[in-house]
Amino acid sequence: MAISVVPGSGKITKIQGGKSVAPTISRGVANFSVHPSMHAEGEVQFKGLPGDPIAGWHVGWIQAEWVETNWANYEGHFNVDGSMFLQRGRAPARAAQACRDTSGAVATIFTDPLDPREFQNLVAGRFPQTVKVQTNDPPGERYRAIEHNVRTGKPNFIQEVQLEFHFCTILTVQDPTGAFHHQAHFYWNAHWQFRFRPTAFPAPTDAQWTIHAAPGGNTSGVSHAFAGAPNDRRFTGVLTTPQRSSCVDLAGISETAVRTRGNASRREFAVWTPVDVRH
């Protein structure tokens, strides 16, 4: 009898979505975070006979991000001080929406195969054998509170930020042939939309800002667990296929892009200028 997964044994419990909280400004940076973090626990049962080879059987998590909104608007103290718009959620700063979320190299399929809480191998012993794992994720973002506008030579102050991160997290088994068998999955998201105003010019301290949520701008959500594999075509193509960039890579690339003067994702204006945040 070869080792196999007990049908219907894969399940996810104790699901907690990452709860978005109001941003803070520290050392000149606006920081967006969740508290508590996303958390879930999973388990899968295997059947077999003592002595069956266990090498190559793995249990862990795959996570995909399939929606990201990520932009910031800045304004100078006066109209002639100009404004800026930083777009991290669209091209050219971000080449794709869907991505696989890993803690290591882009070739890594599991979220973190080096963390024994998140990734387990079968162990020699008696069957049936139940393997348990958990997953935790604290997504966040950061923007400088003040950016220098080259067109005017004046400081521009962070005025509004909108962030939307949507994820699907999958409990999965990999067999010795390399094939994946998705056991269960759930969806979760975190949203921030906040408006900022300095209360002192031209160099406000971290404490000299007002920060207010836009209506409905600070939300988060989480689903219950669904059996088996997800089937949303917007992101299923990134779950186990080769990828050029992980979500972590895309985040770093987009941050570099909006800090690079002349990049199309960093738009600087000579006066206060409205923009279409969809582009």
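Relevant structure appears above.
Worth saying up front: this structure is predicted, and the values here are computed from it rather than measured. (Residues numbered from 1 in each chain as written. Predicted model: local features only at pLDDT ≥ 70, side-chain atom pairs only at ≥ 80, totals over all residues. Heavy atoms only, no water.)

(A) Here's a closer look at the overall build of the chain. Along the chain, the regular secondary structure elements total one helix and 17 strands. Principal-axis analysis of the C-alpha atoms gives the chain an extent of 75 × 30 × 30 Å. Accessible surface computed for the chain: about 13300 Å², of which carbon and sulfur atoms make up 54%. Treating the 26 positive side-chain charges of the chain as one cloud and the 23 negative ones as another, the clouds have centres 2 Å apart. (Helix = DSSP H or I, 4+ residues; strand = E, 2+ residues; numbered from the N terminus. Areas by Shrake-Rupley, 256 points an atom, 1.4 Å probe, with all protein chains shown as cover. Lys, Arg positive; Asp, Glu negative; His and termini not counted. Charge placed at Lys NZ, Arg CZ, Asp CG, Glu CD.)

(B) Structural detail: the state of the cysteines. Under the counting rule described, the total for this entry stands at one disulfide. Between the sulfur of Cys99 and that of Cys247 lies a disulfide, 2.0 Å long from S to S. Handedness of the Cys99-Cys247 disulfide follows from its S-S torsion of about 105°: it is right-handed. Taken together, the residues span a long stretch of sequence, with Cys99 in strand 8 (residues 99-100) and Cys247 in helix 1 (residues 247-258) at a distance of 148 residues. Each member of the pair Cys99 and Cys247 is classed as buried. The thiol of Cys168 is not disulfide-bonded; the next cysteine sulfur, from Cys247, is found 12 Å away. (Disulfide = S-S within 2.5 Å. Buried < 20%, exposed > 50% of the residue type's maximum accessible area, 1.4 Å probe, protein only.)

(C) Molecular detail of the environment of Glu75. Inspection of the secondary structure assignment puts Glu75 in strand 6 (residues 58-75). Considering only alpha carbons, one finds Glu75 and Pro92, 17 residues apart in sequence, at a separation of 23 Å. Residue contacts for Glu75: discarding those within four places in its chain leaves Gly82, Ser83, Asn156, Phe157, Gln159, Arg197 and Trp272. (Contact = heavy atoms within 4.5 Å.)

(D) Layout of the pattern of salt bridges. Using the criterion set out here, one finds 15 salt bridges in the structure. In this structure, the salt-bridge partner of Glu65 is Arg94, at a minimum N-O distance of 3.3 Å. A residue pair is termed long-range when its members are at least 10 positions apart, and Glu65 in strand 6 and Arg94 in the loop between strand 7 (83-87) and strand 8 qualify at 29 residues. Of the two residues, Glu65 and Arg94, neither departs from the other in class, the shared state being buried. Between Glu75 and Arg197 there is a salt bridge, and its shortest N-O distance comes to 3.7 Å. Placement of Glu75 in strand 6 and of Arg197 in strand 14 (residues 180-198) is noted, with a sequence separation of 122 residues between them. Residues joined in a network through salt bridges with shared partners are Arg144, Glu147, Arg266 and Glu268. (Salt bridge = Lys/Arg side-chain N within 4 Å of Asp/Glu carboxyl O.)

(E) How the structure looks around the pairing of strand 14. Summarising the sheet, strand 13 (residues 154-174) and strand 14 pair through 15 bridges and their orientation is antiparallel. Within strand 14, the residue paired with Val173 across the bridge is His181. What sits between strand 13 and strand 14 in their antiparallel hairpin is a turn of five residues, with Gly178 showing a positive phi close to 95°. Bridge count between strand 14 and strand 16 (residues 226-227): two bridges; the pairing is antiparallel. Residue pairing for strand 16: His185 is matched across the bridge by Phe226. Across 10 bridges, strand 14 lies against strand 15 (residues 209-222) in antiparallel orientation. The residue of strand 15 that forms the bridge with His191 is Thr219. (Pairing = 2+ DSSP bridges.)

(F) Fine view of the sheet that holds strand 4 (residues 29-32). Taken in spatial order, the three strands of this open sheet run 3-4-11, and their pairing is antiparallel. Lying at the two open borders of the sheet, with one neighbouring strand each, are strand 3 (24-26) and strand 11 (141-144). Between one strand axis and the next, the sheet turns through 30° on average, direction left out of account. In this structure, strand 3 lies alongside strand 4, joined through three bridges in antiparallel fashion. (Axes fitted to C-alpha atoms, helices over the stretch in contact; angles between N-to-C directions.)

(G) Expanded view of helix 1. The terminal C-alpha atoms of helix 1 lie 17 Å apart, and with 12 residues this matches the ideal 16 Å at 1.5 Å per residue to within 8%. Regarding helix 1, the residues found buried are Cys247, Leu250, Ser254, Glu255, Ala257 and Val258. The arc enclosing the buried residues of helix 1, seen along the axis, measures out at 160°, which places them on a common side. Of the surrounding elements, those touching the buried residues of helix 1 are strand 6, strand 7, strand 8, strand 11 and strand 17 (266-269). (Expected span 1.5 Å × (residues − 1). Arc of directions from axis to C-beta.)

(H) Spotlight on the environment of Phe78. Along the chain, Phe78 turns up in the loop between strand 6 and strand 7. With a relative accessible area of 48%, Phe78 lands in the partly exposed category. Between the alpha carbons of Phe78 and Lys154 there is a distance of 9.6 Å; along the sequence they are 76 residues apart.

In short, the description is geometric, and any link to function would need to be established separately.
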